[in-house]
Number of protein chains: 2
Amino acid sequence: MANIKEIARMAGVSVTTVSRVLNNHPYVSETKRTAVLNTIEKLNYTRNMNAVHLITGRTHAIAVIIPNINIFYFSVIIEGLAQEALLAQYRLILCQTDYRHEEELKVLEMLRNKEIDGVVIVSTRMSSEVIDEYTAYGPIVICQDRGERRFSSVYIEHYSAFRSGLQYLHDKGYEQIGYCEGRQHGSSSSIRQIAFSDFLSATGQPFQEEWMMYNCMNEEDGGRVLHQLLKMKNRPNALIISGDHVAAGLIIEAWKNGIRIPEDLAVIGFDDQPIGRLLGLTTIDNQLPEMGVTAFRIIYDQIQNNDSHPVHRKLEYRIIERSTV
Amino acid sequence: MANIKEIARMAGVSVTTVSRVLNNHPYVSETKRTAVLNTIEKLNYTRNMNAVHLITGRTHAIAVIIPNINIFYFSVIIEGLAQEALLAQYRLILCQTDYRHEEELKVLEMLRNKEIDGVVIVSTRMSSEVIDEYTAYGPIVICQDRGERRFSSVYIEHYSAFRSGLQYLHDKGYEQIGYCEGRQHGSSSSIRQIAFSDFLSATGQPFQEEWMMYNCMNEEDGGRVLHQLLKMKNRPNALIISGDHVAAGLIIEAWKNGIRIPEDLAVIGFDDQPIGRLLGLTTIDNQLPEMGVTAFRIIYDQIQNNDSHPVHRKLEYRIIERSTV
DNA sequence: TTGTACGCGTTATCAG
DNA sequence: CTGATAACGCGTACAA
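Definitions and cut-offs
Numbering of residues begins from 1 in every chain and follows the order in which that chain's sequence is written. As a convention, the first chain written is A and the first ligand written is 1, with the rest following in written order. Under the rules for a predicted model, residues below a pLDDT of 70 receive no local features and side-chain atom pairs below 80 are neither given nor counted, while totals for whole chains, interfaces and linings still include all residues. Working from all heavy atoms in the structure, the side-chain values ignore hydrogens and water. Whether a residue is near a molecule or strand depends on its heavy atoms: if one lies within 4 Å, it is near. Polar contact criterion, stated in full: a pair of N or O atoms within 3.5 Å, where within protein one must be able to donate a hydrogen and the other to accept it, and residues adjacent in sequence count only if both atoms are side-chain atoms. Residues were grouped as follows: Ala, Val, Leu, Ile, Met, Phe, Trp, Tyr, Cys and Pro as nonpolar; Asp, Glu, Lys and Arg as charged; and all remaining residues, including Gly, as polar. Here a cavity is any set of points on a 1 Å grid over the protein atoms alone where a 1.4 Å probe fits but cannot get out, and a pocket is any open set with protein on both sides within 12 Å along at least 5 of 7 lines; a residue lines the site when it has an atom within 4 Å of a point. Grid points are joined across faces, edges and corners, and a volume is the space filled by probe spheres set on the points. In DSSP terms, a helix is any run of H or I states spanning at least four residues, a strand is any run of E spanning at least two, and both are numbered starting from the N terminus. Think of it this way: DSSP has to see at least two bridges between two strands before they count as a pair. It only takes one pair of heavy atoms within 4.5 Å for two residues to be counted as in contact. Helix axes are fitted only over the stretch in contact, all axes being lines through C-alpha atoms; the angle between N-to-C directions runs from 0 to 180 degrees. UniProt positions are given in the numbering used here, feature names are shortened, and annotations may be inferred rather than shown by experiment. Each residue is assigned to one of three classes by its accessible area relative to the maximum for its type, calculated with a 1.4 Å probe on protein chains only: buried under 20%, partly exposed between the two thresholds, exposed over 50%. Here the quantity called buried area is the total loss of accessible area, with a 1.4 Å probe, experienced by two parts when brought into contact, counted for both. Put simply, a salt bridge is a Lys or Arg side-chain nitrogen that is within 4 Å of an Asp or Glu carboxyl oxygen. Superposing the copies works by least squares over the C-alpha atoms of residues that have pLDDT at least 70 in both of them.

1. Considering the protein's contact with DNA strand D
The immediate surroundings of DNA strand D are formed by 24 residues, with Thr-16, Thr-17 and Ser-29 of chain A together with Ile-4 and Tyr-45 of chain B found nearest. Restricting attention to atoms of DNA strand D within 4 Å of the protein, one finds that 62% of them are sugar or phosphate atoms. Take Thr-16 of chain B: an N or O atom from its side chain is 3.3 Å from a base oxygen of DNA strand D. Here a phosphate oxygen of DNA strand D sits 2.4 Å away from a polar atom, N or O, in the side chain of Tyr-45 of chain B. Of the residues assigned to the surface near DNA strand D, the class counts are eleven nonpolar, ten polar and three charged.

Shown next as structure tokens:
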């Protein structure tokens, strides 16, 4: 494959001139510019980007860490991220690490390696201390609330969003509230769990182990939860469910089993997904698409300005009232 | 940042020796190996991968072209692809091009640029002729049936899968069959449309423009379709729907409107998604996860063996009988 | 088992 | 406006 030197020779100019043409620099005479362009065409030349990456120290690529792409929550964020990356002509490297610490670390190592210009962490098991060690190598943005740190963040306040949801159920007169969560030990899951027990304390209700249901990721899990409920002697009359897909599954299964929503069981979900809109699901919109977009913009700005001052951007949630509460 | 030369100097060895240690080559004495390793540790050294990419001509990265990650069909394929990439220590660059020809071409250019070692095309608007022009620069795999070409493919036979679905409805006694499709002009959509009109001819049924419904991507679209149906004077008594999510939306909306499934309206979907399982949706499983996995393995083998013989791998579909037909 | 010297293909620097 | 030359950091013949 031809290289810049060969182009220069054939066009009768220096490599510098070729490079200038390639990068649209000024100060190239029209004559030489067209000569170079013609030679490029003739030899079917294209740049070897790896050489460019080496000399410039930039790759125009960022990596994103997620556990799994096939979970609605993540795919929505990635959709926004990918859209912005496309606009900015950036590559997006998808690192589906399934929360494996070793693999998550490898992604941060890519930053150190100069393979990428920045990292977006959507969800991780890594501690802030570990992440802090890598901020020296490039901008890092996390889609979680990690407070004052050496890296940036974009987040919604899970605690307060969750409390709002509970309060909403409470205000509507529901006193026996159960709770469906994805992973039991996730970082935002933990926050919601705290919000939940704080709420119970505040309203003087007892903590019921049985009403905490975990590992709910998709519609089928929601269906499973309904059957768990049916088996209980003492059932909640309302459910707060993190993830509209799960809530949707539960509602569908409720219909099939003659459980009336919200008369027998009220449901509030999270994330405002299409299926929820169809079912009339009351939910808390967490601005997921906005999260991906914002995360990219923060990273992008920091790369452009070579500025590593951590930025913290809070997104607002809102309750969407429909008909399941 | 320290480089290999500096490590060599400080460890009292040559750069070759350092390189050998870095790449786990044999013929390095234990003494020197540890000396090098210690120095690397002391200087917090790491390789600049861009230099490695330049000299080796490989990047251990592949790109994948999809229109949008937030469509179940694609996210399932990507999930498999990303899993395999992780196992093989390959980077996966997600190119969400929304079928824009210009952006799709840019990805192929990345192959020419040496930025990536291969490309997986899940869905595209590009013609085979355009793609053929890039096979010289590295392996390309497409997740569509493109016949004998200069690039590889992994696919299910949409024509025959669709005909099977129609035949299944027909065998069950349904004669008035409508059809819901995603994009109207997609490559596999087109094949299904042909299968549909061939089926009508074969069974001597008239073509009803009104029964062809397009732009159905998610649950809400499915709900919309049901209302279109309700408005028709002459309604189909069965529906074949590409995408279980769409079918799910339709079924849910049918329930809400007192339309009995399958008595008033039979439904068969595609892809076997969790929500379909919950609803008892009869569907055609297209082995989507397997498709991503297979696509990666083909690319990977071709990269390893520097072999560009196109491979064509057909995946088998199967009808999953549940209760909506 | 080890080291020297060169090449990978480009951009940056600086002198004209 | 133009060009010579020095980086960028690493892998690898080839020689020892």
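2. Focus on the layout of surface pockets
A water-sized probe, rolled over the atoms, reveals where empty space remains. Residues and elements named next belong to chain B. Of the volumes computed, that of the second largest pocket is approximately 990 Å³. Along the walls of the second largest pocket sit 32 residues, with Leu-22, Arg-47, Asn-48, Met-49 and Val-52 positioned nearest its centre. Tallying contributions element by element places helix H4 (residues 49–56) first for the lining of the second largest pocket, with six residues. Here the lining of the second largest pocket is built from residues that sort into twelve nonpolar, twelve polar and eight charged.

3. Side note on the sheet that holds strand E7 (residues 212–213) of chain A
Residue and element names in this part refer to chain A. Read from one edge to the other, the open sheet built from six strands follows the order E7-E6-E8-E9-E10-E12, with strand pairing classed as mixed. Both outer strands of the open sheet, E7 and strand E12 (318–320), are each paired with one neighbouring strand and no more. As defined by bridge partners, strand E6 (residues 177–180) adjoins strand E8 (residues 238–241) across four bridges and the pair is classed as parallel. Within E8, the position partnered with Tyr-179 by the bridge is Ile-240. Here helix H11 (residues 244–256) sits on the sheet and contacts E8, strand E9 (266–270) and strand E10 (282–285); the angle it forms with E9, its principal contact strand, is near 155°.

4. Here we look at the UniProt feature "domain: HTH lacI-type" (unreviewed entry) in chain A
In the numbering used here, UniProt assigns the "domain: HTH lacI-type" (unreviewed entry) feature to residues 2–56 of chain A. For residues 2–56 of chain A, the end-to-end C-alpha separation is 21 Å, with 69% helix and 0% strand making up the annotated structure.

5. Comments concerning unusual backbone geometry
Cis geometry marks the peptide bond from Ile-261 of chain A to Pro-262 of chain A, where omega comes out at 5°. By the element assignment, Pro-262 of chain A lies in the loop between H11 and E9. Although it is not a glycine, Gln-89 of chain A adopts a positive phi angle of roughly 60°. Here Gln-89 of chain A shows up in the loop between helix H5 (72–87) and strand E2 (91–96). You can call Gln-89 of chain A partly exposed: its relative accessible area is 44%. Not every positive phi belongs to a glycine, and Asn-44 of chain B is a case in point at roughly 55°. Residue position: Asn-44 of chain B is located in the loop between helix H3 (30–43) and H4. Here Asn-44 of chain B falls in the partly exposed class, since its relative accessible area comes to 36%.

6. A word on the interface of chain A and chain B
Each partner contributes to the interface: chain A provides 54 residues, whereas chain B provides 54 residues. In terms of surface lost to chain B, no three residues of chain A exceed Asn-50, Leu-86 and Leu-278 of chain A, which account for 14% of the buried area on that side. Counting across the chain A and chain B interface gives four salt bridges. Across the pair Glu-115 of chain B and Arg-91 of chain A runs a salt bridge whose closest N-O atoms are separated by 3.0 Å.

7. Section: the relation of the copies chain A and chain B
Of the two same-sequence chains, chain A is brought onto chain B (RMSD 0.0 Å, axial shift 0.0 Å) by a rotation of 180°. Both copies are brought into coincidence by an operation consistent with a two-fold rotation axis. Among all C-alpha atoms of chain A, that of Ile-93 of chain A lies closest to the rotation axis, at 2.2 Å. Comparing interface residues between copies, 100% of those in chain A also lie at the interface in chain B; the contact surface is shared.

8. A look at the protein's contact with DNA strand C
Contacts to DNA strand C come from 24 residues, most closely from Ile-4 and Tyr-45 of chain A together with Tyr-27, Ser-29 and Ile-55 of chain B. Considering the 4 Å shell around the protein, atoms of DNA strand C inside it are sugar or phosphate in 61% of instances. At 2.8 Å, a side-chain N or O of Arg-47 of chain A approaches a phosphate oxygen of DNA strand C. A distance of 2.9 Å is found between a phosphate oxygen of DNA strand C and a backbone nitrogen or oxygen belonging to Ser-14 of chain B. Counting only elements with at least two residues in the surface near DNA strand C, the list comes to helix H2 (15–22) and helix H4 (49–56) of chain A together with helix H2 (15–22) and H4 of chain B. At four residues, the largest contribution of residues to the surface near DNA strand C is made by H2 of chain B. By residue class, the composition of the surface near DNA strand C is eleven nonpolar, ten polar and three charged.

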